[in-house]
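The lines below spell out each chain.
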Amino acid sequence: MFIGHYGPAFGAKAAVRRVPLWVYFLAVQFMDVVWSVLVLLGIEKVRIHPGLMQGSALDLYYMPYTHGLFGALGLSILYGAAVALFFREGKGAVFLACALAVFSHWICDLLVHRPDLWIYDDVKVGLGLWRWVWISLPLELILLAAGAWLYARFVPARRGGNAWLWGFVLLMAALEVYGAFGPPPASPTAEAQTALLAYGVLVVLAALVDVSRARVARIPAPA
Ligand SMILES: [Zn+2]
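Residues numbered from 1 in each chain as written. Predicted model: local features only at pLDDT ≥ 70, side-chain atom pairs only at ≥ 80, totals over all residues.

### Regarding unusual backbone geometry
Peptide bonds are mostly trans, and most non-glycine residues show a negative phi.
In step 1: A positive phi is found at Asp121, a non-glycine position, where the angle reads about 40°.
In step 2: Within the secondary structure, Asp121 sits in the loop between β3 (117–120) and β4 (123–125). (Helix = DSSP H or I, 4+ residues; strand = E, 2+ residues; numbered from the N terminus.)

### What to know about the nonpolar core
In step 1: Within the largest apolar cluster, 55 residues are counted, with the highest numbers of intra-cluster contacts made by Ala9, Tyr24, Phe25, Ala27, Cys98, Ala101 and Val102.
In step 2: Excluding residues within four positions of it along the chain, Val102 makes contact with Ala27, Phe30, Met31, Leu75, Ser76, Tyr79 and Gly80. (Core = buried A, V, L, I, M, F, W, Y, C linked by C-beta atoms within 7 Å. Buried ≥ 20, exposed ≤ 12 C-beta atoms within 10 Å, placed from the backbone. Contact = placed C-beta atoms within 7 Å.)

### Brief notes about the pairing of β3
In step 1: Both β3 and β4 contribute to a ladder of 3 bridges, which runs antiparallel. Pairing of Leu117 across the sheet is with Val125, part of β4.
In step 2: Following β3, the chain reverses through 2 residues before pairing antiparallel with β4; Asp121 in that reversal takes a positive phi of roughly 40°. (Pairing = 2+ DSSP bridges.)

### Considering the environment of Ala180
In step 1: Assignment of secondary structure puts Ala180 in helix α8 (residues 163–181).
In step 2: On the basis of neighbour counts, which here come to 17 C-beta atoms within 10 Å, the residue Ala180 falls in the partly exposed class.
In step 3: The spacing of Ala180 and Leu137 is 43 residues in sequence and 7.4 Å in space, taken between C-alpha atoms.

### Quick word on the packing of helix α2 (residues 21–28) against helix α6 (residues 91–112)
In step 1: Contact pair α2 / α6: the axes reach a minimum separation of 7 Å and the direction vectors enclose 40°. Judged by the twist between their axes, the crossing of α2 over α6 is right-handed. Facing Val23, Tyr24, Ala27 and Val28 of α2, the residues of α6 in contact are Cys98, Ala101, Val102, Ser104 and His105.
In step 2: Its residues placed into classes, the contact of α2 with α6 shows 7 nonpolar, 2 polar and no charged. (Axes fitted to C-alpha atoms, helices over the stretch in contact; angles between N-to-C directions. Left-handed = near helix turned anticlockwise from the far one by under 90°. Nonpolar A, V, L, I, M, F, W, Y, C, P; charged D, E, K, R; others polar.)

### Looking at the packing of helix α5 (residues 69–84) against α6
In step 1: Packing of α5 against α6 leaves a shortest axis separation of 8 Å and a crossing angle of 145°. Regarding α5 and α6, the two cross each other, and that crossing is right-handed. In contact with Ala72, Leu73, Leu75, Ser76, Ile77, Tyr79, Gly80, Ala81, Val83 and Ala84 of α5, α6 contributes Lys91, Val94, Phe95, Leu96, Cys98, Ala99, Val102, Phe103 and Trp106.
In step 2: Split into classes, the residues belonging to the contact of α5 with α6 amount to 16 nonpolar, 2 polar and 1 charged.

### Section: the pairing of strand β1 (residues 45–53)
A regular strand carries its side chains on alternate faces of the sheet.
In step 1: Here 4 bridges tie β1 to strand β2 (residues 56–62), and the two strands are oriented antiparallel to one another. Residue pairing in the sheet places Lys45 in a bridge with Tyr62 of β2.
In step 2: What sits between the antiparallel neighbours β1 and β2 is a turn of 2 residues.

Next up, the structure:
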């Protein structure tokens, strides 16, 4: 899953608004950010196998640290605790929202991945919806749209100020369609580098969308 992960990021922001949207955008891909780094270091492993599944050519045969259940829980706790350090009040809510945002990645991956999510011994899980792109692609887009709708609903905006948000959502949807139907990655290294670049750019764009809304929200409404 790629763009569908951002649905929970928008949803978390709607629930606990004192955390910036970009922090949630990083959270929902934190498992993949660490995965990309470990792939570049040769610690976790992936093969490119064109035609493996309609929705993905990635044979993720070894990634126990980032996508194993216990690794995912560990990364969730770590990220939630690190973000909570920056807040004086409401640390519990911040921790919970951020940790759940990180862990939502594992749940979303569970839906689309083949059984490559490690639990213990030889047990790996994954429902494999990537096998049918006509299921996985709408699923990702629905998740994204549902999260963005919650964000639009609960995070105050200027009158008619949702244009930037929906423009951003459309851009993400286009990226997802390209990812689903475009050429497979050239190599594991290229895949990891592209992922890091894409996640970085989306974090910056999320910050821009969020900052404009937050600033406007502080202006008192005309009497
Ligand atoms: Zn992942």
